[in-house]
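Survey of secondary and tertiary structure
Next come the chains, spelled out residue by residue.
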Amino acid sequence: MFLLHLAAWLVLAIVVALFVVLLQRSLPAIQHVGLSAFSVSWDPNGGHFGILTFVFGTLVTSAIALLIAGPIGIGAALFLAELAPRRLAVPVAMLIELLAAVPSVVYGLWGLFVMVPAIRTALGPALQHAFGFLPLFQGPIYGVGMLAGGLILAIMVVPTVAAISRYVFEAVPIHQREGMLALGATKWEMLTKAVMPFAASGVIGALVLGLGRALGEAMAVVMVIGNKPQIVASLFGPGYTMASVLANEFSEATGKVYISMLIEIALLLFVVSLVVNVFARLLVWNASGRGRR
C-alpha cells in the first residue's frame with residue numbers, strides 16, 4: 001500500500017518539479033523582457049523576444065487540426081461503436097489507435113515529401129480557385145505553411161479523438177438505445193437523440209485532449225510549417241508555433257536571455273497543455289459515469 005501511495009505522489013511531484021524548474025530557468029527572461037514579450041517582433045540577435053507570432057501559429061494550426069480531425073474522428077468512432085459489425089470494428093479500432101504510436105518524425109517526413117508537394121501543386125491551387133476571394137486562401141503557395149502544419153496535426157489528432165469518442169459511445173447505457181428503438185425511432189434517430197446527447201461531454205473531452213496533442217506537437221510541425229515568425233492572414237504563408245520554435249532554435253540559442261526566453265515559452269506551453277488535458281480528463285471521467293457516483 002505504501003508503494004502505491006508513493007507512486008501516485010511521485011507522479012504529482014514530477015509535475016510540480018517540472019513547473020518549478022521551468023519557472024526558475026525562465027525568470028531571467030521574465031525580468032529582462034517583461035511585457036514586451038507580448039509583441040510580434042522576434043529577433044534574438046537584436047534583443048527582441050516577442051512571442052505573439054508563436055502563439056498565433058499554435059492557435060491557427062491547432063484550430064485547423066480540430067476542424068478536420070473532429071468530424072472525422074467522431075464519425076469513425078460512431079461508426080465503429082454503433083454501426084460496424086464487431087468482426088470489423090475491433091481490428092479497425094486497433095489500427096486507428098496504433099496510428100497514435102507512430103513517431104511524430106515519421107509523420108513529418110511523410111508530410112514533407114508527400115503532403116507538401118500535394119499542397120503546392122494540387123490542394124493549394126484548388127482552394128485558391130474556389131475560395132480565393134477570402135484572405136485565408138490568398139498569396140503565393142509554397143507548400144510549407146500554416147495549412148500544412150494544421151493538416152499534419154489533424155492526421156496525428158484523429159486517433160486520439162476517435163479512440164476516446166468510441167469508448168464514450170460504448171459507455172452509453174443500452175437502455176438509452178432500446179428505449180428509443182421501442183418508441184419507433186429509426187437507427188439514425190436513436191444515434192442523434194439518445195447516444196450523441198448522452199455522450200456529448202465525453203466527445204468534447206476527446207476534442208480537448210486532441211487539442212492538447214496538437215498544442216504540444218513539435219517535430220512533425222517544424223518540418224512542414226516553414227518556421228518563419230510572422231502573422232499573416234493566408235494559410236499558405238509560413239509560420240511558427242511554440243513547440244516548433246523550441247525544437248528548432250533551442251540547440252542554437254546563445255546568451256542567457258535567449259535561452260531563458262525559450263524556456264519561458266516552454267513554461268507557457270506546459271501550463272496551457274496541462275490545463276487543457278486536466279479539463280479533458282474531467283469531462284471524460286464525468287461522461288463515463290464515474291463522476292456521478
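Here, the structure is the one placed above.
Residue numbers run consecutively from 1 along every chain, following the written order of its sequence. Whole-chain, interface and lining totals are the exception, using all residues; otherwise, since this is a predicted model, local features are given only for residues with pLDDT of at least 70 and side-chain atom pairs are given and counted only at 80 or more. Only heavy atoms go into the side-chain values, all of them from the structure, while hydrogens and water stay out.

A few words now on the overall build of the protein. For the protein, the count of helices and strands is 11 helices and 2 strands. Walking the protein from its N terminus toward its C terminus, one meets helices and strands in the order α-β-β-α-α-α-α-α-α-α-α-α-α. In the protein, once contacts between residues fewer than 6 apart in sequence are set aside, the share between residues at least 24 apart is 74%. The method behind every accessible area is Shrake-Rupley, applied with a 1.4 Å probe, and residues are considered shielded solely by the protein chains displayed. As displayed, the protein has an accessible area near 15,300 Å², and 72% of this comes from carbon and sulfur atoms. Positive and negative charge centroids in the protein, built from 15 and 10 side chains respectively, lie 7 Å apart. Strands are runs of DSSP state E lasting at least two residues, helices are runs of H or I lasting at least four, and both sets are numbered from the N terminus onward. The criterion used for residue contact is that any of the two residues' heavy atoms lie within 4.5 Å. Think of it this way: Lys and Arg go in the positive column, Asp and Glu in the negative one, and His and the chain ends go nowhere. Note on charges: their place is set at NZ of Lys, CZ of Arg, CG of Asp or CD of Glu.

Here we come to helix α1 (residues 2-33). Its 32 residues place the ends of α1 46 Å apart at the C-alpha level, agreeing with the 46 Å of an ideal helix rising 1.5 Å per residue. Maximal helix bending in α1 amounts to about 45°, located at Ser26; proline Pro28 follows within four positions. Regarding α1, the residues found buried are Leu22, Ser26, Ala29 and Val33. Looking one or two places after α1, you find Gly34, whose phi comes out positive at around 65°. Every helix has an expected span of 1.5 Å times one less than the residues it contains. What the bend at a residue measures is the angle between two axes, fitted to the seven residues ending there and to the seven starting there. Note on classification: 1.4 Å probe, protein chains only; a residue is buried when its accessible area is under 20% of the maximum for its type, exposed when over 50%, partly exposed between these limits.

Quick look at the pattern of salt bridges now. Pairing between side chains of opposite charge can happen when the charged atoms of each approach one another. Any Lys or Arg side-chain nitrogen located within 4 Å of an Asp or Glu carboxyl oxygen qualifies as a salt bridge. Under the defined criterion, the tally for this structure stands at 4 salt bridges. Arg177 serves as the salt-bridge partner of Glu82, at 2.6 Å between the closest nitrogen and oxygen. One end of the pair, Glu82, is in helix α2 (residues 52-83); the other, Arg177, is in helix α6 (residues 174-182), with 95 residues separating them in the sequence. Under the relative-accessibility criterion, Arg177 is labelled buried at 11%. For Arg213, the salt bridge goes to Glu217, with nearest N and O atoms at 3.7 Å. Since its relative accessible area comes to 23%, Arg213 is described here as partly exposed. Through salt bridges with shared partners, one network takes in Glu97, Arg166 and Glu170.

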